[in-house]
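# An overview of the molecular structure
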Amino acid sequence: MRWETIRKDTPPRTAPNLGDYDEECAGFSWWEARARLEGLPGGRGLNIAHEAVDRHAASPRASAVALRCVGRDDSVTCVTYADLSRSTARFANVLRTLGIGHGDRVVTLLGRCPELYTVVLGTLKNTSVLCPLFSAFEPDPVAQRVTLSDAKVLVTTAELYRRKVAGRRGGLAALRHVLIVGEGADELPGTVSLAALMADAADTFTIPPTSPNDMALLHFTSGTTGTPKGAVHMHEAAVAHYTSALYALDLHRNDVFWCTADPGWVTGLSYGIVAPLMHGATVVVDEGDYDARRWYRILAEQRVSVWYTAPTALRMLMRTTPRTGPYVPRRGPHHQRRRARTHRAAPAAKRPPGPAPGELLVRTPPRR
């Protein structure tokens, strides 16, 4: 069935990557899409972490901001591509020191925090396999997925370890190492501080030869209809991640991108971490919980140009947004009052009922 094309009255501020759909489809080639990626130096293969971090760090974009981390207290910390390259190299060296190598599984049980990005990409640099878990899982689903993945390393926080892992640690036969993000490792037998290991690790790392068919990511289904099923993403998936972000998310190198999906699920990892970094964008990392005023404030103050969120979140914002428009951050010592005039797109997993996402959120006040 053919749908009528919706054409806007005013030209976009940024020329879209997908101009004419039919023309692009007619000329599209996966071989050409693959050629947009750099590949490992010396023809040593294809590695997601190299495409997402190291190739930018070795270019003039080394000083560009890769992560803009907004803490629960609204403090903002910026991580450049050069910084991220060094921290991921340190984590890859940590894994090597622990005897973790090619194909070994590393599980994360973390919320949105800067360390998550270091662990994810450092694991991929080491040619190990990253398996993200939803931090809101109860202890049984966590133990089930750690067992099914045959994980050797778990990276989590002290609080999550106490509540969801410690009581079942004895049944996790393959699990060798538990690395604790933040404080608390000294009080938990059988764990070690990630920060302590990182402090002793070198900040350079040469990514080993990586076949495009090597396992990179292991995701699990929700398990609502039975035993969770594992879904494998190979390093070749970088081609699809890059291409779908190019067209569906319309990502450009200078975009400020915010994905609200939880990193424990495929959307939050593929399109919250991997895809935007492959495009050299700046990724907003919000450590806080959902709050309508907070979200509007982040959109405005961080100058988000592409926002990827869920229909449920849009409905929640609809219920809390006054008819006169979205909340405007109040002027304060740490928050400059700004108008979100740069917001370009709001992709969602499914279209919510009622107004389209752009009609709901891109509601800017008139010029004065």
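Residues numbered from 1 in each chain as written. Predicted model: local features only at pLDDT ≥ 70, side-chain atom pairs only at ≥ 80, totals over all residues. Heavy atoms only, no water.

## Concerning empty space enclosed by the protein
A full pass over the atoms with the stated rule returns 1 cavity of 30 Å³ or more. Computed from the structure, the largest cavity encloses a volume of approximately 50 Å³. Around the largest cavity, the lining residues are R112, L116, Y117, C259, A261, P263, G268, G272 and I273. When contributions to the lining of the largest cavity are tallied by element, the ones reaching two or more residues are helix 5 (114–125) and helix 10 (266–278). It is helix 10 that contributes the most residues to the lining of the largest cavity, 3 residues altogether. Here the lining of the largest cavity is built from residues that sort into 6 nonpolar, 2 polar and 1 charged. (1 Å grid on protein atoms, 1.4 Å probe; cavity = no way out; pocket = protein on both sides within 12 Å on 5 of 7 lines; lining within 4 Å. Points joined across faces, edges and corners; volume = space filled by probe spheres on them. Helix = DSSP H or I, 4+ residues; strand = E, 2+ residues; numbered from the N terminus. Nonpolar A, V, L, I, M, F, W, Y, C, P; charged D, E, K, R; others polar.)

## Some remarks on the sheet that holds strand 11 (residues 282–286)
If you walk across this open sheet you meet the 5 strands as 2-1-11-10-12, and the pairing is mixed. Where the open sheet ends on each side, the last strands, each with one partner, are strand 2 (76–80) and strand 12 (306–308). The average undirected angle you get between the axes of adjacent strands in this sheet is 20 degrees. Alignment of strand 10 (residues 256–259) against strand 12, held across 3 bridges, turns out to be parallel. Considered in strand 12, the bridge of W258 is made with W307. Across the sheet, helix 11 (residues 292–301) is in contact with strand 1 (65–70), strand 10, strand 11 and strand 12; its angle to strand 11 comes to roughly 160 degrees. (Pairing = 2+ DSSP bridges. Axes fitted to C-alpha atoms, helices over the stretch in contact; angles between N-to-C directions. Contact = heavy atoms within 4.5 Å.)

## Quick notes on the nonpolar core
Judged by nonpolar contacts, the single largest core of 48 residues is most densely connected at L67, L84, V155 and L277. A per-element tally of this core places helix 5 first, with 6 residues. If we ignore the near neighbours within four places in the chain, the residues touching L277 are E51, A52, H56, A66, L67, Y81, L84, L121 and V283. Within the second largest apolar cluster, 23 residues are counted, among which are L154, Y161, V165 and L218. (Core = buried A, V, L, I, M, F, W, Y, C linked by side-chain atoms within 4.5 Å. Buried < 20%, exposed > 50% of the residue type's maximum accessible area, 1.4 Å probe, protein only.)

## Description of the pattern of salt bridges
This model, assessed by the stated rule, comprises 12 salt bridges. One salt bridge in this structure joins D74 and R294, with 2.8 Å as the shortest N-O distance. With D74 in the loop between strand 1 and strand 2 and R294 in helix 11, this residue pair connects regions lying 220 residues apart in the sequence. Its relative accessible area of 6% is what places R294 among the buried residues. Among the ionic pairs, D74 bridges to R297, the shortest N-O distance being 2.8 Å. One end of the pair, D74, is in the loop between strand 1 and strand 2; the other, R297, is in helix 11, with 223 residues separating them in the sequence. One salt-bridge network, held together by shared partners, links D74, D286, R294 and R297. (Salt bridge = Lys/Arg side-chain N within 4 Å of Asp/Glu carboxyl O.)

## Looking at the side chain of T309
Along the chain, the position of T309 falls in the loop between strand 12 and helix 12 (311–320). Given a relative accessible area of 4%, T309 falls into the buried group. Within the local environment of T309, its side chain forms a polar contact with the side chain of T260, the two groups lying 2.8 Å apart. (Polar contact = N/O pair within 3.5 Å; in protein donor to acceptor, adjacent residues only side chain to side chain.)

## Quick word on helix 9 (residues 237–247)
In an α-helix, one full turn covers 3.6 residues, which means residues spaced three or four apart are oriented alike. Burial within helix 9 is extensive, with 9 of its 11 residues counted as buried. Within helix 9, the full set of buried residues consists of A237, A238, V239, H241, Y242, T243, A245, L246 and Y247. In the core, the buried residues of helix 9 are packed alongside helix 1 (21–27), helix 2 (30–35), helix 3 (48–57), strand 8 (215–220), strand 9 (230–234) and helix 10.

## Some points on the environment of T108
Note on placement: T108 falls in strand 3 (residues 105–109). Along the sequence, T108 and C131 sit 23 residues apart, while their C-alpha atoms lie 6.4 Å from each other. The contact partners of T108, leaving out residues within four places of it in the chain, are L116, V119, L130, C131, P132, L133 and V155.

## A look at the confidence of the model for the protein chain
In the predicted model, the protein chain carries a mean pLDDT of 88, and the fraction of residues at 70 or more is 87%. In the model, residues 351–368 has pLDDT below 50 throughout and makes 32 contacts with residues more than four positions away in sequence or in other chains. (pLDDT = per-residue confidence, 0-100.)

## Notes on the pairing of strand 3
Judged by how many residues are buried, strand 3 sits mostly within the fold: 4 of 5 residues are covered. The pairing of strand 3 with strand 4 (residues 129–133) spans 5 bridges and is parallel. Along strand 4, the bridge assignment pairs L109 with L133. Of the crossover connections in this fold, the one passing from strand 3 over helix 5 to the parallel strand 4 is right-handed. In the sheet, strand 3 pairs with strand 5 (residues 153–157) via 4 bridges, with the strands oriented parallel. Bridging across to strand 5, V107 finds its partner in L154. (Right-handed = clockwise from strand over helix to strand, strands pointing away.)

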